[in-house]
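The primary structure of each chain is shown beneath.
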Amino acid sequence: MFVKAIERIKSTQANQKSKQQFLAMYSSIFGGITTDPAAMVIPMDDHMVHRGHGVFDTAAICDGYLYELDQHLDRIIRSASMAKIQLPFDRESLRRILIQTVSASKCRKGSLRYWLSAGVGDFQLSPVGCHQSTFYVIVIQDDSPFVSKGVKVITSSIPIKPPQFGTVKSVNYLPNVLSKMEAEETGAFAAIWLDGEGFIAEGPNMNVAFVTKERLLLMPQFDKILSGCTAKRVLTLAKALVREGKLHGIKVGNVTVEEGKKAEEMILLGSGVLVRPVVQWDEQVIGNGKEGPVAQALLDLILEDMQSGPPTVRVAVPY
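The text that follows walks through the structure, step by step, so that each part is easy to find. Note that the structure is a prediction, hence the values are computed from the model and not measured.

About the thresholds
- Residues numbered from 1 in each chain as written.
- Predicted model: local features only at pLDDT ≥ 70, side-chain atom pairs only at ≥ 80, totals over all residues.
- Heavy atoms only, no water.
- Helix = DSSP H or I, 4+ residues; strand = E, 2+ residues; numbered from the N terminus.
- Rg over C-alpha atoms; globule rule 2.2 N^0.38 Å.
- Buried < 20%, exposed > 50% of the residue type's maximum accessible area, 1.4 Å probe, protein only.
- Contact = heavy atoms within 4.5 Å.
- Areas by Shrake-Rupley, 256 points an atom, 1.4 Å probe, with all protein chains shown as cover.
- Lys, Arg positive; Asp, Glu negative; His and termini not counted.
- Charge placed at Lys NZ, Arg CZ, Asp CG, Glu CD.
- Core = buried A, V, L, I, M, F, W, Y, C linked by side-chain atoms within 4.5 Å.
- Salt bridge = Lys/Arg side-chain N within 4 Å of Asp/Glu carboxyl O.
- Patch = residues over 30% accessible without salt bridge, like charges linked within 9 Å, V, L, I, M, F, W, Y side chains within 5 Å.
- Phe/Tyr/Trp six-rings, centres within 6.5 Å; stacked < 30°, edge-to-face > 60°.
- Lys NZ or Arg CZ within 6 Å of the ring centre and 35° of its normal.

### Concerning the overall build of the protein
Secondary structure summary: the protein contains 10 helices and 15 strands in total. Its C-alpha radius of gyration of 20 Å places the protein within 12% of the 20 Å reference for a compact globule of 319 residues. Its C-alpha atoms give the protein principal-axis dimensions of roughly 65 × 40 × 40 Å. Of all 319 residues assigned to the protein, the portion counted as buried reaches 49%. For the protein, restricting intrachain contacts to residue pairs at least 6 apart in sequence, the fraction spanning at least 24 positions comes to 70%. Of the roughly 15,700 Å² of accessible surface on the protein, 55% is carried by carbon and sulfur atoms. Looking at charge distribution, the protein has the averaged site of its 35 positive side-chain charges lying 3 Å from that of its 33 negative ones.

### Side note on the nonpolar core
When a protein is soluble and globular, its nonpolar side chains tend to lie buried together. Leu66, Leu98, Leu112, Phe135 and Val137 are the most contacted members of the largest nonpolar core, which has 28 residues in total. Elements with a contribution of two residues or more to this core: β1 (21–27), β3 (54–62), α3 (69–82), α4 (91–105), β5 (109–117) and β6 (134–141). For this core, the leading source of residues is α4, giving five residues. Counting 27 residues, the second largest nonpolar core, distinct from the first, contains Tyr67, Leu247, Leu299 and Met306.

### Brief notes about the pattern of salt bridges
The full count for this structure, using the stated rule, is 12 salt bridges. The salt bridge partner of Asp74 is Arg91, with a shortest N-O separation of 2.9 Å. One end of the pair, Asp74, is in helix α3; the other, Arg91, is in helix α4, and 17 residues separate them in sequence. Judged by relative accessible area, which is 32%, Asp74 ranks as partly exposed.

### As for a nonpolar patch on the surface
A surface patch of nonpolar side chains, about 380 Å² in accessible area, is lined by Ile42, Met44, Val49 and Phe123. Mapped onto the elements, Val49 comes out in helix α2 (residues 47–50).

### Quick look at the side chain of Ser105
Secondary-structure assignment places Ser105 in helix α4. Looking at Ser105, the relative accessible area reads 8%, which means it is buried. With residues up to four places along the chain from it excluded, the contact list for Ser105 reads Leu23, Ala24 and Val139.

### Let's talk about the packing of aromatic side chains
Scanning the entire structure with this criterion turns up three aromatic pairs. Taking 6.1 Å as the distance between ring centres and 55° as the angle between the ring planes, the aromatic pair formed by Tyr26 and Phe135 counts as tilted. Highlighted residues: Tyr26 in strand β1 and Phe135 in strand β6, separated in sequence by 109 residues. No difference in accessibility class separates Tyr26 from Phe135, as the two residues are buried. Aromatic side chains Phe56 and Tyr173 sit 5.4 Å apart centroid to centroid with 70° between the ring planes, which places their arrangement in the edge-to-face category. Of this pair, Phe56 sits in strand β3 while Tyr173 sits in the loop between α5 (163–166) and α6 (174–185), and the two are 117 residues apart along the sequence. Directly above the aromatic system of Trp281 lies the positively charged group of Lys261, at a separation of 5.2 Å from the ring centroid. For Arg314, the ring lying beneath its charged end belongs to Tyr65, and the centroid distance is 3.8 Å.

Structure representation (structure tokens):
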């Protein structure tokens, strides 16, 4: 029966049309790394599965380097603390496991995704029956190029998560999923959330920024939403555009819908999209309806940073 089950899993995986390939997985339950996709499984009694009591993060793999590994690792540790999940290992051990899993995968371009869960043990609501928290890591090969073509977005009708949950990168992504589906059903790329006061917040899995007519890069503050690693890195890199005179300044604060829709450029920021220009929001054309120069300049800066940035954002993988 077990052999037939494995054969069935492999057959199902072979018929999938995804461009992504799962090259390696680490599980703290097994205490090791597997490169067999059929063995990349999680127990059903893991509280991350049936209660959503888990947090996750990711890091890009670019030419054999992990991009912003430490920034993302620090964030998942913060998320775990906010979700009351004790770490199964110390920070350096978690970091070592992440690097070793990428090394075992031989992947040089793709993404590293990892989860911290309350653990396995039972199907109760409380994790009191869980023996220990669990740690899972997946290396995904993805050769899809980053796209710079402008997209359309809409305003989401799905309620935004309250700040206590919105600032944690947890596996509770049902609002995000429904928001993304709502956008796709209208032919849009993503839906934009507004916060409880009506200010612009974020997208389902990306931050948002604007370039005003005064050439000011404007970004919503992170006090009520997820602190995006890519967005924060863009804020640092954008200082070069200020020095070059392409921007007149950078501001993080409350952004009204009116300000956003009247902006010269609107930009989505995230590890999955990097820097993606928006040319239309609802029925409002942004700027001249074409991809803007600041979005392209920021994309060039982040791509250059991924290729040749400082050691603080690039960690070599020892294959």
